[in-house]
Amino acid sequence: MKTNRREFLKTSLGAGIGAALGGKLVHAQTRKVSLEELDTAAKKSVLKAELFKDPITITAIDLLKNGEEWFVRVRSKDGAIGMAVSNNERIEVFHPILNKIVAPYFIGKDARQLEALVDGVYVYDSNYKLQGLPFWVCVASVEFAILDLLGQIAGKPVGDLLGSFTRKEVKVYRANNDRGLSAEESVRRTKKRVEEIGAKALKFKVGGRLGFTDSPPDRTEKLIPLMRKTFGDDMVLMADANGSYHVAEAVRVGRMLEEYKIIFYEEPCAFDALEETKQVADTLTIPIAGGEQESSLWRFRWMIHNNAVQIVQPDLFYFGGFIRSVRVANMAAAAGMECTPHISGSSVGYLYVIHFASFVPNAGEFMEYKGKSEKMPIHCETSTLICKDGIVRVPTGPGFGIAIDPDFVNQATVVAG
Ligand SMILES: [Mg+2]
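Just so we're clear, the structure is a prediction, and the values are computed from it rather than from any experiment.

## Side note on the pattern of salt bridges
When charged atoms on two side chains of opposite charge get close, those side chains can pair.
Move 1: Enumeration over the complete set of coordinates arrives at 23 salt bridges.
Move 2: Between arginine 393 and glutamate 169 there is a salt bridge, with its nearest N and O atoms 3.4 Å apart. You can see arginine 393 sitting in strand E13 (residues 391–393) and its partner glutamate 169 sitting in strand E4 (residues 169–175), a full 224 residues away along the chain.
Move 3: Arginine 393 sits in the partly exposed class, given a relative accessible area of 39%.

## Side note on the nonpolar core
Move 1: Ranked by internal contacts, the top residues of the largest apolar core, which has 132 residues, are Phe106, Phe204, Tyr265, Phe322 and Tyr352.
Move 2: For this core, the leading source of residues is helix H6 (residues 133–154), giving 13 residues.
Move 3: Judged by nonpolar contacts, the second largest core, of nine residues, contains Tyr173, Ala201, Ile263 and Ala289.

## Notes on the sheet that holds strand E3 (residues 81–85)
Move 1: With antiparallel pairing, four strands are arranged side by side in an open sheet as E3-E2-E1-E15. Single-partner strands in this sheet number two, and they are E3 and strand E15 (413–414).
Move 2: The pairing of strand E1 (residues 58–66) with strand E2 (residues 69–76) spans eight bridges and is antiparallel. The residue bridging lysine 65 from the neighbouring strand is tryptophan 70, located in E2.
Move 3: Its contacts with the sheet put helix H4 (residues 88–106) on E1 and E2, and the angle it makes with E1 is roughly 165 degrees.

## Some remarks on the pairing of strand E6 (residues 236–240)
Move 1: Across the five residues that make up E6, a large majority, five, are buried.
Move 2: What you see with E6 is no split at all: Val236, Met238 and Asp240 on one side and Leu237 and Ala239 on the other are buried throughout.
Move 3: Taken together, the five bridges between strand E5 (residues 201–205) and E6 define a ladder with parallel strand orientation. By the bridge assignment for E6, lysine 205 is matched with aspartate 240.
Move 4: With helix H9 (residues 219–231) bridging E5 and the parallel E6, this β-α-β connection has right-handed handedness.
Move 5: In this fold, the crossover linking E6 to strand E7 (residues 264–266) by way of helix H10 (residues 247–259) has right-handed handedness.

About the thresholds
Residues numbered from 1 in each chain as written. Predicted model: local features only at pLDDT ≥ 70, side-chain atom pairs only at ≥ 80, totals over all residues. Heavy atoms only, no water. Salt bridge = Lys/Arg side-chain N within 4 Å of Asp/Glu carboxyl O. Helix = DSSP H or I, 4+ residues; strand = E, 2+ residues; numbered from the N terminus. Buried < 20%, exposed > 50% of the residue type's maximum accessible area, 1.4 Å probe, protein only. Core = buried A, V, L, I, M, F, W, Y, C linked by side-chain atoms within 4.5 Å. Pairing = 2+ DSSP bridges. Contact = heavy atoms within 4.5 Å. Axes fitted to C-alpha atoms, helices over the stretch in contact; angles between N-to-C directions. Right-handed = clockwise from strand over helix to strand, strands pointing away.

Below is the structure:
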């Protein structure tokens, strides 16, 4: 990263983007941190276990399925219930890991120890040999349900269990995946999606994903200027390359993104090509974002310490849940960086990032909005869950503040294997 990253952001502000960003670009103050500082930040206690006086023994964890929707139900000895929607696409494949390895570890344990349990399940019975996305998606699914259980017992939203619930309304952005379409068609579709929800920010795909050729071949060159021209200077634009490039090409495209005041450049190089990503970050002024495929706290530490990215993006499912993702956010905060969570899966996943933003001060200004699923019947008394004027109201009820329709739950089958 050149020393003029701050200048880049100032220039962006001059282009009218600053007004939309509301001066919350904490990555503008990115600073060098020691490994000791990062370790201290990562070790900060996350869950407020002191809210619970008596033990909360977990007696059952059920993985339920109705149609394409998968969700987890956890019960305590005293009869409390917590529920969480899983990542439908992934859990369909990974569910034996949840049922055979993850859930049994939590049975009989005290939910107040959730923070230690998330670490414990990784080490227990050499489960770390399964480390990676398939393992952590299962842990996250169980963690979400336990957090909901704790929220039901305490009568508090998850934001108040894990921090201070301060942001009641969250600005959202729309992303697309229009690779393979012309620049003009991509912009047309993006405009429709953005206008549907009144978003003031959007993210678009550049490159061909993980080294594949751009399709059509000149799509990226046309798309970047067309996005800015179509949406004007006040729209906050982000670009995601999904690991499309090697260093030289990543820098060439990055220069274009800088010219058109794109506020960050996500995964310019392969997600696990950390040295290459750092080279791109060192060369460009535009902030680099990354981390959505990451499952290692150590590698996040490396990325932050080496300033290889300036915005970290743990996926709440892929990285193993809220507690681990907050640890990344705390390390990022020590370095003056934003930690804007990524959310995989459809269904109600967007609600998890909204909750994350409700209590994590450096969560960034805009969260991804994937839209309310029609297939998952949920009720919420404190929010419509619908985006209006680019804003979603965070549910304030206990846990995640939503209830899955009881009939839908009753008609679901328990997936045992
Ligand atoms: Mg991405």
